[in-house]
Amino acid sequence: MATYMRNVFLVSSGMSSRSLHRLMGKRTFKELQYRVMCTSGTEEPRKLDIPQFNDPQVQAILKRITGLDLEKVFRPAREKHGRSSYKLVSEKKLKELQIEAEEKAKVRLEMPPVVAERKPIHKIFARNPELRGLDSSKLVFTDISFGLRDRDRLIVVRDPDGTLRMANWEERDRITQVYKPRPRRQIEVPKLFEEGQLPVLFSEERHEMVLDAACTQFEPDAADFIRVHHRVYEDLDQTTKYDLLRSTRHFGGMAYYLAKQRRIDGLLVDIIQRYLITDAEDLIILYHMMHPQCKSAQETKEKQLKGLELIKTYIQCDSSQTGKLELVLQSYENEQADSTTDEATSMS
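Reading the values: the criteria
Residues numbered from 1 in each chain as written. Predicted model: local features only at pLDDT ≥ 70, side-chain atom pairs only at ≥ 80, totals over all residues. Heavy atoms only, no water. Helix = DSSP H or I, 4+ residues; strand = E, 2+ residues; numbered from the N terminus. Buried < 20%, exposed > 50% of the residue type's maximum accessible area, 1.4 Å probe, protein only. Contact = heavy atoms within 4.5 Å. Areas by Shrake-Rupley, 256 points an atom, 1.4 Å probe, with all protein chains shown as cover. Pairing = 2+ DSSP bridges. Axes fitted to C-alpha atoms, helices over the stretch in contact; angles between N-to-C directions. Phe/Tyr/Trp six-rings, centres within 6.5 Å; stacked < 30°, edge-to-face > 60°. Lys, Arg positive; Asp, Glu negative; His and termini not counted. Salt bridge = Lys/Arg side-chain N within 4 Å of Asp/Glu carboxyl O. Polar contact = N/O pair within 3.5 Å; in protein donor to acceptor, adjacent residues only side chain to side chain.

(A) The overall build of the protein chain, seen in detail. Helix and strand counts for the protein chain stand at 16 helices and 4 strands. Each of the 348 residues in the protein chain was classed as buried or not, and the buried ones make up 40%. Restricting to contacts in the protein chain with at least 6 residues of sequence separation, those with at least 24 account for 67%. When the accessible surface of the protein chain is split by element, carbon and sulfur atoms take 51% of a total near 21,700 Å².

Set out below in structure tokens:
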């Protein structure tokens, strides 16, 4: 028994697949490897009636309403105090630099994926009560062979009560970070993602920082990744601070979430108040794509509505803040009418 425990300790420190063959037996190892490849990956997504986040039409709309404020995209993470540098360039060169900056900005604004949460792993291979109490710690069997995807890597845990099971997602993430560390990702989940810490960060308007950190720390289908993103979106919707994410890679995810939840009214008010009418139209089109049976979608399709008429139809049929939206839209129309009058007067 002492020899057995010593071998298990070696495996817990990381061994190749050949070593695992010798220790666990060829048949047992092959069976476990087959099972991990069948159960550890994310299952095929279920077909839904609504378009998915990566649908080309959805992506096109989200990129348009995100905006492209170069000053915000390229703002420094920390302010540097020092002398400013200036360069004299020709008008042609200036246009080339602007185009180059816009292309770099589009890369920075690539949105994090939105996928379904991965299903928990509850696979038990064996229960061995005779091993109960031999060790107070869990023993981890890890296949560290090269060429394997992290999702296909065999990671098995022997619990102190003698149960041999597949490692759960949290254990897999920690062990994978030990053997294949990713830059800036920590083995233990940072405290900033705890529910008690998030309101403090929100009060300091650090929503974007929280989302960036979540993208670094978690996989897109991890429960914590989804939880943190939804908490940020909920706080922004409650405080109507949507502009904090405008021209960032997270604005599209927020708009998609609110459209899916049938809660675009607050964001729509913010967009119209900024006179971004084309963005307002795009947001309602996205809403119609995700909820094609709603009354405004049916009427828009039947009458082929566009522009302000499309927006007014949504406000009348499906909005939960009809009065507020009618006021901000009326304010926009009055402003446009005054501008037209002023232009006509100046021309005469």
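(B) Here's a closer look at the sheet that holds strand β3 (residues 155-158). The strand order β1-β4-β3-β2 describes an open sheet built from 4 strands, whose pairing is antiparallel. Of all strands in the sheet, those bounded by a partner on one side alone are β1 (124-127) and β2 (139-142). Put simply, the sheet's adjacent strands are angled 15° from each other on average, direction ignored. In terms of strand pairing, β3 meets strand β4 (residues 163-166) through 3 bridges, oriented antiparallel. The residue bridging Arg 158 from the neighbouring strand is Leu 164, located in β4. In this fold helix α7 (residues 169-179) packs onto β2, β3 and β4, with an angle of close to 115° to the strand it touches most, β3.

(C) Region of the structure containing the packing of aromatic side chains. Under the counting rule described, the total for this entry stands at 5 aromatic pairs. Measuring from centroid to centroid gives 5.4 Å for Tyr 275 and Tyr 332, while their planes differ by 65°, and the two rings are edge-to-face. On the criterion of sequence distance, the pair formed by Tyr 275 in the loop between α12 (265-273) and α13 (277-290) and Tyr 332 in helix α16 (residues 322-347) is long-range, its members being 57 residues apart. Exposure remark for Tyr 332: the relative accessible area of 13% places this residue in the buried category. Seen in terms of ring centroids, Tyr 287 and Tyr 314 are 5.4 Å apart; in terms of plane orientation they differ by 75°. Their pairing is edge-to-face. Taken as a pair, Tyr 287 in helix α13 and Tyr 314 in helix α15 (residues 307-317) lie far apart in primary sequence, 27 residues in all. Residue classification places Tyr 314 among the buried residues on the basis of a relative accessible area of 1%.

(D) Geometry of unusual backbone geometry. Non-glycine residue Arg 184 carries a positive phi angle of around 65°. Assignment of secondary structure puts Arg 184 in the loop between α7 and α8 (198-203).

(E) Quick look at the environment of Arg 108. By secondary structure assignment, the location of Arg 108 is in helix α6 (residues 91-108). Owing to a relative accessible area of 48%, Arg 108 belongs among the partly exposed residues under this scheme. Counting along the chain gives 139 residues from Arg 108 to Ser 247, while the straight-line C-alpha distance between them is 9.8 Å. When neighbours within four sequence positions are excluded, Arg 108 is seen to be in contact with Val 73, Phe 74 and Arg 249.

(F) Summary view of the side chain of Lys 72. Looking at the secondary structure, you find Lys 72 in helix α5 (residues 70-73). Although buried, Lys 72 forms no salt bridge, and the nearest oppositely charged side chain, Asp 243, lies 4.9 Å from it. Separated by 2.8 Å, the side chain of Lys 72 and the backbone oxygen of Arg 246 make a polar contact. With residues up to four places along the chain from it excluded, the contact list for Lys 72 reads Asp 243, Leu 244, Leu 245, Arg 246, Ser 247 and Thr 248.

(G) Seen up close, the pattern of salt bridges. Here the structure, examined in full by the defined rule, presents 30 salt bridges. Across the salt bridge formed by Arg 118 and Asp 221, the nearest N and O atoms sit 3.8 Å from each other. Highlighted residues: Arg 118 in the loop between α6 and β1 and Asp 221 in the loop between α9 (207-217) and α10 (223-239), separated in sequence by 103 residues. For the residue pair Arg 118 and Asp 221, the accessibility class agrees, reading buried in each case. A salt bridge links Asp 221 to Arg 151, with the nearest nitrogen and oxygen atoms 2.8 Å apart. Taken together, the residues span a long stretch of sequence, with Asp 221 in the loop between α9 and α10 and Arg 151 in the loop between β2 and β3 at a distance of 70 residues. One exposure class covers both Asp 221 and Arg 151, and it is buried.

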